[in-house]
Amino acid sequence: MAQLKSENRVVWVDWMRVVACFMVIVVHSTEPFYLGGQGSLILTEADAYWSSFFDSFVRACVPLFIVASSYLQFPLHYSSGEFLRRRVVRVLVPFVLWSVVYAFAWGEPVENFQNLLLNFNYAAGHLWFVYMLIGVYLLMPLLSPWAERVGKRELQVYLAIWAFTTLIPLLRDVVGGGFEGMKFVYGVSGLPRAAQTPLWGEAGWNAYGTFYYVSGFIGYLLVGLYFRRFVGELSWKRTLAIAIPSYLVGFAVVFGGFLRRVFEMTEGVFPVEGLVGKAMWWETTWCNDTVGVALMTVAWILLFKKIKCDGKFYHKVLLPVSKASYGVYLLHLLLLVPISGAIREWLGLGLEGKLGVWTSPVEIIVSAVLGFCASVVIAVVLQKIPKIGKYIIG
């Protein structure tokens, strides 16, 4: 299957990486509009709509990173040892470095370093992604022999099973009685984990039910494989015929799901606030392993595959950003938090802000653009440092 390449790179994947990186920053620029106070805070009804719109629009960002890794590296092109060695340099070393930076930057350093022995620093919550990514990388050598031989129909069967698992988080919410039926266990970090409704073999003594091993981000690994092996060049008509309905249905599930939960809890009375467990419940349809996000991910991939722009802008601007995208992800919160805070202080909050109902969306967009541009500049510059740049940015 012919793919447009430039300097041995898949051009559309570079575009997808850069856009996905910006999408992540949009997600984090939106968080202050529904997270705050004791953990959850939405000031106005308009903010509920704006939060859901912006976050839902870009919610496929994390799955797109997994698809990019899968498309380029799965099945493996070299030995397991070489693959893991490269991942240590590209992923693990920069991750450790920036984890240390965040430990000193926010909160109490001693407590942060103690937490790092068991998990990421919760003040830098975006680093959860790296732990998940490392887990996916550990599985890739095991699955590569199968991936090299799998046929189209067999892979479709596994994708269908995985697609069913994207309904399970929503099913748990329904059979578990919604927010009132959920029980939250709070750890030392203060972050809750919703007690699961046992399904298909799960029990208090067994978390590994029937669909455990074929659920979650492993599905996006298979999606990337499927597009690489079995999806050729589609016409614009065929692309849009699949992508538009997929995206609209996925967006409706994600956008509507968040708003339904917010209004079910508030009955239209704002502001609404509470512990972070409320926001976790609002976010149910936003989770990366849910059907709405999966549908939007497929739509985005189809559209990105049509990109063939590999001219001067690609080589001079987009390619360096793509190469530094992991570093942008790692460092961006250090810049985005003060940028977002300054913009909100300048323009005000909610309907009382300087722009009225448009205050919140302008703050989200401006914060995301400035945070992205500043992070890109720093990441690209750091990556160019001789000998050590790759250990800092990846």
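For the structure, check the block above.
It should be emphasised that the depicted structure is a prediction, and the values quoted were computed from it without experimental measurement.

*Asks:* Can you break down the packing of helix α15 (residues 325-347) against helix α16 (residues 359-383) residue by residue, with the values?
*Replies:* For the pair α15 and α16, interaxial distance at closest approach is 8 Å and the crossing angle is 140°. Note on packing geometry: the crossing formed by α15 with α16 is right-handed. Taken together, the residues of α16 that come into contact with α15 (itself represented by G327, V328, L331, H332, L335, L336, I339, S340, I343, R344 and L347) are T359, V362, E363, V366, S367, L370, G371, A374, S375, V376, I378 and A379. Within the contact of α15 with α16, the residues separate by chemical class into 14 nonpolar, 7 polar and 2 charged.

*Asks:* Which residues make up the pattern of salt bridges, and what are the values?
*Replies:* In the structure shown here, the tally under the stated rule is 10 salt bridges. The salt bridge involving E233 is made with K308; its shortest N-O contact spans 3.0 Å. With E233 in the loop between α10 (218-230) and α11 (236-266) and K308 in the loop between α13 (291-304) and α14 (312-323), this residue pair connects regions lying 75 residues apart in the sequence. Classification of K308 by relative accessible area gives partly exposed; the value is 44%. Measuring nitrogen to oxygen at the nearest pair gives 2.8 Å for the salt bridge that ties R260 to E264. You can see R260 and its partner E264 sitting in helix α11, 4 residues apart, about one turn around the helix. Overall, the relative accessible area of 44% leaves R260 in the partly exposed class. Each of R9, D14 and R17 takes part in a single network of salt bridges with overlapping partners.

*Asks:* Can you explain the packing of aromatic side chains? Please cite residues and give values.
*Replies:* With the rule as written, the count across this model stands at 40 aromatic pairs. A centroid spacing of 5.7 Å and a plane angle of 55° characterise the contact between F164 and W200, whose relative ring orientation is tilted. Placement of the pair is F164 in helix α7 (residues 152-165) and W200 in the loop between β5 (192-194) and α10, with a sequence separation of 36 residues. Under the relative-accessibility criterion, W200 is labelled partly exposed at 39%. Measuring from ring centre to ring centre gives 4.7 Å for Y208 and Y212, while their planes differ by 90°; the resulting arrangement is edge-to-face.

*Asks:* Let's hear about the environment of G277: which residues, and what values?
*Replies:* Among the secondary structure elements, G277 is positioned in helix α12 (residues 276-282). Placed 238 residues apart in sequence, G277 and G39 show a C-alpha to C-alpha distance of 7.7 Å.

*Asks:* How would you sum up the packing of helix α1 (residues 11-30) against α15? Please name residues and give values.
*Replies:* Their axes nearest at 10 Å, the elements α1 and α15 cross at an angle of 20°. As far as their axial angle goes, α15 and α1 are roughly parallel. Here the hand of the crossing between α1 and α15 comes out right-handed. Where α1 abuts α15, its residues R17, C21, V24, I25, H28 and S29 lie against S325, V328, Y329, H332, L333 and L336. Partitioned by chemical class, the residues of the contact of α1 with α15 number 7 nonpolar, 4 polar and 1 charged.

*Asks:* Requested: an account of the nonpolar core, with residues and values cited.
*Replies:* Core analysis: the largest hydrophobic core is formed by 107 residues, its most contacted members being I42, F129 and W282. The element that contributes the greatest number of residues to this core is α1, accounting for 13 residues. For I42, the residues in contact, after removing those within four places along its chain, are F33, Y34, D47, A48, F258, V262, F270, P271, V272 and W282.

*Asks:* Can you break down the side chain of S69 residue by residue, with the values?
*Replies:* Following the sequence through the fold, S69 ends up in helix α3 (residues 61-73). Once residues within four sequence positions are removed from consideration, S69 is found in contact with F74, Y137 and M140.

*Asks:* Pulling in residues and values, what's your account of α3?
*Replies:* Because each turn of an α-helix spans 3.6 residues, side chains separated by three or four positions end up pointing in the same direction. With 13 residues, α3 ought to run about 18 Å at 1.5 Å a step, and its terminal C-alpha atoms sit 19 Å apart, in line with that. Of the residues making up α3, those classed as buried are C61, V62, P63, L64, F65, I66, V67, A68, S69, S70, Y71 and Q73. Those residues of α3 that are buried are in contact with β2 (9-10), α1, α4 (80-105), α6 (128-149), α10 and α13.

*Asks:* Give me unusual backbone geometry: which residues, what numbers.
*Replies:* The step from F74 to P75 runs through a cis peptide bond, and the omega angle for that step is 0°. Looking at the element boundaries, P75 is found in the loop between α3 and α4. Note that the residue after F270, namely P271, is joined by a cis bond; omega there is 5°. Relative to the assigned elements, P271 resides in the loop between α11 and β6 (272-275). Even without being glycine, W200 reaches a positive phi, approximately 50°. Phi at K387 is positive, roughly 70°, even though this residue is not glycine. For K387, the location among the structural elements is in the loop between α16 and α17 (389-393).

Scoring rules and cut-offs
Residues numbered from 1 in each chain as written. Predicted model: local features only at pLDDT ≥ 70, side-chain atom pairs only at ≥ 80, totals over all residues. Heavy atoms only, no water. Axes fitted to C-alpha atoms, helices over the stretch in contact; angles between N-to-C directions. Helix = DSSP H or I, 4+ residues; strand = E, 2+ residues; numbered from the N terminus. Left-handed = near helix turned anticlockwise from the far one by under 90°. Contact = heavy atoms within 4.5 Å. Nonpolar A, V, L, I, M, F, W, Y, C, P; charged D, E, K, R; others polar. Salt bridge = Lys/Arg side-chain N within 4 Å of Asp/Glu carboxyl O. Buried < 20%, exposed > 50% of the residue type's maximum accessible area, 1.4 Å probe, protein only. Phe/Tyr/Trp six-rings, centres within 6.5 Å; stacked < 30°, edge-to-face > 60°. Parallel < 35°, antiparallel > 145°, perpendicular 65-115°, else oblique. Core = buried A, V, L, I, M, F, W, Y, C linked by side-chain atoms within 4.5 Å. Expected span 1.5 Å × (residues − 1).

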